[in-house]
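Structure assessment
Chain by chain, the residues run as shown.
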Amino acid sequence: MAYTSGIRFPCVPSVYKSPQSNFNGDRRSISLSFFNKKDSFSRKIFAGKSSKDHDSSSLTVAASEKVLVPGSQSDGPSPLTDQLETPETVSEDSEVLKDVDTLQMEDNEKVEIEYQGPVSSSVADDDENAQSEEASVPVQERVSTERSEVKSEVRQRSIPPPGSGQGIYEIDPILSSYRQHLDYRYGHYKGMREEINKYEGGLEVFSRGYEKFGFIRSDTGITYREWAPGAKSAALIGDFNNWNPNADIMTRNEFGIWEIFLPNNADGSPPIPHGSRVKIRMDTPSGIKDSIPAWIKFSVQPPGEIPYNGIYYDPPEEEKYVFQHPQPKKPKSLRIYEAHVGMSSTEPMINSYANFRDEVLPRIKRLGYNAVQLMAIQEHSYYASFGYHVTNFFAPSSRCGTPDDLKSLIDKAHELGLLVLMDIVHSHASNNVLDGLNMFDGTDSHYFHSGSRGYHWMWDSRLFNYGSWEVLRFLLSNARWWLDEYKFDGFRFDGVTSMMYTHHGLQMAFTGNYSEYFGFATDVDAVVYLMLVNDLIHGLFPEAVTIGEDVSGMPTFCIPVQDGGVGFDYRLQMAIADKWIELLKKRDEDWKMGDIIHTLTNRRWLEKCVAYAESHDQALVGDKTIAFWLMDKDMYDFMALDRPATPLIDRGIALHKMIRLITMGLGGEGYLNFMGNEFGHPEWIDFPRGDQRLPNGQLIPGNNLSYDKCRRRFDLGDANYLRYRGMQEFDQAMQHLEEKYGFMTSEHQYISRKDEGDRMIVFERGNLVFVFNFHWNNSYFDYRIGCLKPGKYKIVLDSDDPLFGGFNRLDHNAEYFSSEGWHDDRPRSFLVYAPSRTAVVYALVENGSKRVEAQN
């Protein structure tokens, strides 16, 4: 099925002009180029040993040790011998990659480093993470500078060897009852590591598939390789050869890898100009098919056309974006601002990477978040899929700009001290046959499982075969590509629940019974892939963050791989948002304080979570945001400060603040907010779409391709005459409070009161005491709350502050002194005023302790 969504706005519309000259055998006569520039860039390619067949029945191995090119002989050396260098054998103990920190002179002059070989440009590791083993892949660097003395620091990054995998049983003894499954899983993982070491030279080499497949530029020309075992013949076509299918015929090796080498033109220019449109034409079991190369780095859709075009993207050195700023260190606690670049404008349009960089990033920084999570980065032909039906996995979405524009955005975020996480989709792929991987070589079992196992009926998408060798290479390399090339700081892995189970979590109500996680319904190949990708990321990029979207509660999910876990840093705590929606459908009188507490704190020991009250899911058409659940249509008429608020508005604003704060206070070690929800965005998200007729004949009406609901009205949150402003100010105060006190990651957490009658919740986190009064009417004077430490306490956050749209019922200059004596199982307590529907945070003031001692 080919996805279409109407009008597209490509970044450079002028590039779609038709060729002005005819192909005459000399590629220099083709003037059409995406940017009409010549590219003199050349580099030497390092690739590992290719895979050989092995005995594992769960794997499909498709790679070769010897690659043939046109004119080469099967029993002689390949002309690529000078381009492909086999690395030394990687030690089984570890795989080590040396890296060179960005060099700077003492006077801040820049130092250019030219890398030869597969050196990551990202350096974010600490000395304690560096390994002392010798690097298996040598690094050569040439430093060109006018000064003879520079300071540099060479560090080593390594992928640790598999451990014993037994640590999970010490962390959770109940897992011992499922040792057979878990030991089998870990044994399969260790076997994969051994196979990759044996046939590919190690996981580090294996994850550089983009240096072997796709378009590889060298000093002498361009090599193009593609894995398509189902194809009967293949040819590279594009602007460079006037789309002549007979001009550049590819050859196939025994593993189904097609290849062609295009030598440089006589004047030394590249045979394919930068910006040229390219495709591969294959004779497949399903007929003749023109496909965008699977490893393409950029693709665009011409105006008025349905299919996308692959773009050969290799700009000249002087046009490539050069990162200027170091990547921030991983913060102790994550405060994530989830964002979609395309819909981040206040205007009904597709926003650009450049506008997001200049307008939205400073907003995120000002609000107090320390990470931005970007959705819909991987190219997707159907805009309304929210980026989750990926067609080109290595290409950033062209709707918002060029690859270099995206790099500029990420660099600016780093300058602001923001981590940039990518919402990566490895759980499934678009069903699109025209532009994506589906039926790429004419078979449905190429990258995916065949038959029903390879199709997700709810998402209408294809499901990867994680037991296939080349699928592992593709996905592992994809994860590394975004970290290496674009300097992303980590990932939020989408749809992990769907990956880990053959039932994909559909129509499953997980109860927490361990037998639901460890049995025949578990896709062990998929779980092992997740272990491998976490190994890769944490080994080569120690500062990178991985978050898994899992609704099932899989035990060991956030335990290190060496201990037998899946290896994620955080689980996305999805149950919290569902609980709030469940409660918002009820009256306040029916809310249970214990139920709220249980949902917020129900997480596994030593497994960190990212909590959120609502994400993009709740903002989509067909669902409701918390603000809309609370205030409904009154948001359209009664949010102006010059008009009296309705009871619904007063209730909604008060509870909106309380819900966000208690979620951040108790829900996990990280916090996430979808853009616009910080001020209670009044509109849902509805992507531009036309009418759609389902296979059963049912007509789903569109919205006339409107962008009106596919934007974010940041102007509402900034307007000082609207009540949205107070909700946004509260969110900002909440983030800065966490930044100052670090309460989300404090080891001290104690819930001292959950009173169903008073509707009160009191808990400690760090040196802060949180007091929530969820009662719709009752306010309490001289309400005693327990505390651990003696001293003076002061209000540091008050949801009833007029700045936040509150009623100013508390005196912020008041001081609260603790008194000795047990209360709510705490050794001390102090008295407060707790207004209805208000959340107040009290902080211990250390210098008040002497006065308390004197009083006592």
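Residues numbered from 1 in each chain as written. Predicted model: local features only at pLDDT ≥ 70, side-chain atom pairs only at ≥ 80, totals over all residues. Heavy atoms only, no water.

If you check an unreviewed UniProt entry, the protein appears there as 1,4-alpha-glucan-branching enzyme from Melia azedarach.

**Concerning the overall build of the protein**
Assigned secondary structure in the protein consists of 16 helices and 37 strands. When burial is assessed residue by residue, the protein has 61% of its 856 residues classed as buried. Long-range pairs, those at least 24 residues apart, make up 75% of the contacts in the protein with a sequence separation of at least 6. Within the structure as shown, the protein displays about 32800 Å² of accessible surface, and the carbon and sulfur contribution to it stands at 48%. (Helix = DSSP H or I, 4+ residues; strand = E, 2+ residues; numbered from the N terminus. Buried < 20%, exposed > 50% of the residue type's maximum accessible area, 1.4 Å probe, protein only. Contact = heavy atoms within 4.5 Å. Areas by Shrake-Rupley, 256 points an atom, 1.4 Å probe, with all protein chains shown as cover.)

**Here's the deal with the sheet that holds strand β9 (residues 257-263)**
In spatial order, the strands read β5-β6-β9-β8; together these four strands make up an open sheet with antiparallel pairing. The two strands at the open ends of the sheet, each matched to only one other strand, are β5 (214-217) and β8 (251-252). Pairing analysis gives seven bridges linking strand β6 (residues 221-227) to β9, with the strands arranged antiparallel. Within β9, the residue paired with E226 across the bridge is W258. (Pairing = 2+ DSSP bridges.)

**Side note on the state of the cysteines**
Overall, the coordinates contain zero disulfides when judged by the stated rule. The cysteine C558 is free of any disulfide, with C609 supplying the nearest cysteine sulfur at 6.3 Å. On the basis of relative accessibility, which here comes to 7%, the residue C558 falls in the buried class. (Disulfide = S-S within 2.5 Å.)

**Details of unusual backbone geometry**
Although it is not a glycine, A376 adopts a positive phi angle of roughly 55°. Owing to a relative accessible area of 10%, A376 belongs among the buried residues under this scheme. The phi angle at H504 is positive, at roughly 60°, despite the residue not being glycine. Taking relative accessible area as the criterion, H504 reaches 18% and is therefore assigned buried.

**Observations concerning empty space enclosed by the protein**
Applying the stated criterion across every chain, the model contains eight cavities of 30 Å³ or more. Taken as a whole, the second largest cavity encloses approximately 70 Å³ of empty space. Along the lines of polarity and charge, the residues of the lining of the second largest cavity split into six nonpolar, three polar and two charged. (1 Å grid on protein atoms, 1.4 Å probe; cavity = no way out; pocket = protein on both sides within 12 Å on 5 of 7 lines; lining within 4 Å. Points joined across faces, edges and corners; volume = space filled by probe spheres on them. Nonpolar A, V, L, I, M, F, W, Y, C, P; charged D, E, K, R; others polar.)

**Structural notes on the pairing of strand β29 (residues 749-755)**
In this sheet, strand β30 (residues 760-765) lies alongside β29 in antiparallel orientation, the contact comprising six bridges. By the bridge assignment, Y750 is partnered in β30 with E764. The turn joining β29 and β30, which pair antiparallel and follow one another in sequence, is formed by four residues; a positive phi near 60° is taken by R759.

**A short note on the sheet that holds strand β37 (residues 838-845)**
The strand order across the open sheet formed by six strands is β29-β30-β31-β37-β33-β34, and the pairing between neighbours is antiparallel. Each end of this open sheet is capped by a strand with a single partner; those strands are β29 and β34 (816-817). As judged from the two bridges shared by strand β33 (residues 792-798) and β34, these two strands associate in the antiparallel manner. Directly across from K792, in β34, lies its bridge partner F817. Taken strand by strand, helix α10 (residues 593-601) contacts β29 and β30, and its axis lies near 160° from that of β29. In the packing of helix α13 (residues 647-666) onto the sheet, the strands contacted are β29, β30, β31 (768-773), β33 and β37, and the crossing angle to β30 comes to about 40°. (Axes fitted to C-alpha atoms, helices over the stretch in contact; angles between N-to-C directions.)

**Some remarks on the environment of G387**
Summarising the element assignment, G387 is placed in the loop between β16 (378-379) and β17 (392-396). Judged by its relative accessible area of 6%, G387 is buried. Each C-alpha atom, one on G387 and one on V425, is 8.5 Å from the other, the two residues being 38 residues apart in sequence. Among residues more than four places away in sequence, those in contact with G387 are A376, H380 and V425.

**Considering the nonpolar core**
Membership of the largest hydrophobic core comes to 181 residues, with the highest contact counts inside it found for L374 and F488. Sort the elements by how many residues they give to this core and helix α8 (residues 524-540) lands first, with 12 residues. Core analysis: the next-biggest nonpolar cluster, separate from the first, contains 19 residues, M760, V762, I785 and Y842 among them. (Core = buried A, V, L, I, M, F, W, Y, C linked by side-chain atoms within 4.5 Å.)

**Some details on the side chain of R837**
Tracing the sequence through the fold places R837 in the loop between β36 (826-834) and β37. Of the polar contacts made by the side chain of R837, one reaches the side chain of D588; its length is 2.6 Å. Setting aside residues up to four positions removed in sequence, R837 forms contacts with D588, R651, A654, L655, M658, N773, H775, W776 and S799. (Polar contact = N/O pair within 3.5 Å; in protein donor to acceptor, adjacent residues only side chain to side chain.)

**Quick look at the side chain of N392**
Within the secondary structure, N392 sits in strand β17. When its relative accessible area of 2% is taken as the criterion, N392 is described as buried. A distance of 2.7 Å separates the side chain of N392 from the side chain of S299, its partner in a polar contact. Not counting residues up to four positions away in its chain, the partners in contact with N392 are I292, I296, S299, Q378, E379 and D435.

**Section: the packing of aromatic side chains**
With the rule as written, the count across this model stands at 55 aromatic pairs. Taken together, a centroid distance of 6.1 Å and an interplanar angle of 85° make the contact between F628 and W684 edge-to-face. Of this pair, F628 sits in helix α12 (residues 626-631) while W684 sits in the loop between β26 (670-674) and β27 (692-693), and the two are 56 residues apart along the sequence. A residue is classified by how much of its surface remains accessible, and F628, at 11% relative accessible area, is buried. (Phe/Tyr/Trp six-rings, centres within 6.5 Å; stacked < 30°, edge-to-face > 60°.)

**What to know about α10**
Here α10 has its buried residues at M593, I596, I597, T599 and L600. When α10 is viewed along its axis, its buried side chains cluster within an angular range of 165° and face the same direction. (Arc of directions from axis to C-beta.)

**Considering the confidence of the model for the protein**
Summing up the model confidence of the protein, the mean pLDDT is 84 and the portion of residues at 70 or higher is 80%. Under a pLDDT of 50 for its full length, residues 1-93 has, in the predicted model, 254 contacts with residues more than four places off or in other chains. Scored below 50 in pLDDT, residues 98-155 shows 117 contacts in the model against residues more than four places distant or in partner chains. (pLDDT = per-residue confidence, 0-100.)

**Some remarks on the pattern of salt bridges**
One pass over the structure, following the stated rule, counts 45 salt bridges. Note that D358 and R357 form a salt bridge whose closest N and O atoms lie 2.8 Å from each other. For E815, the salt bridge is made with K792, and the minimal N-O distance between the two is 3.3 Å. Linking E815 in the loop between β33 and β34 with K792 in strand β33, this pair joins segments that are 23 residues apart in sequence. Connected via shared salt-bridge partners are E204, R208, E211, R480 and D484. (Salt bridge = Lys/Arg side-chain N within 4 Å of Asp/Glu carboxyl O.)

**Observations regarding the packing of helix α6 (residues 469-485) against α8**
Direction vectors running N to C along α6 and α8 enclose 30°, while the axes themselves pass 10 Å from each other. Classified by the angle their axes make, α6 and α8 are roughly parallel. The hand of the α6/α8 crossing is right-handed. Mapping the contact onto sequence places L472, L475, L476, A479, R480 and L483 in α6 and Y529, L532, V533, L536, I537 and L540 in α8. The residue makeup of the contact of α6 with α8, split by class, is 11 nonpolar, no polar and one charged. (Parallel < 35°, antiparallel > 145°, perpendicular 65-115°, else oblique. Left-handed = near helix turned anticlockwise from the far one by under 90°.)

**Regarding α6**
Its 17 residues place the ends of α6 23 Å apart at the C-alpha level, agreeing with the 24 Å of an ideal helix rising 1.5 Å per residue. Most of α6 is tucked away, with 16 of its 17 residues classed as buried. (Expected span 1.5 Å × (residues − 1).)

**Description of the packing of helix α9 (residues 575-584) against α10**
In the contact formed by α9 and α10, the axes pass within 9 Å of each other and the chain directions differ by 160°. Of the possible angle classes, the one that applies to α9 and α10 is roughly antiparallel. As for how α9 packs across α10, the hand of that crossing is left-handed. Contacts between α9 and α10 involve A575, I576, K579, W580, E582 and L583 on the former and, on the latter, D595, I596, T599 and L600. Residue composition of the contact of α9 with α10, grouped by class: six nonpolar, one polar and three charged.

**Considerations on the pairing of strand β18 (residues 419-424)**
Every regular strand shows the same layout, with side chains that alternate between the two sheet faces. Of all six residues making up β18, six are buried, and the element is well covered by its neighbours. Of the two faces of β18, the one lined by L419, L421 and D423 and the one lined by V420, M422 and I424 are each fully buried. With four bridges joining them, strand β15 (residues 371-375) and β18 adopt parallel strand pairing. Looking across to β18, one finds that V372 is bridged to V420.

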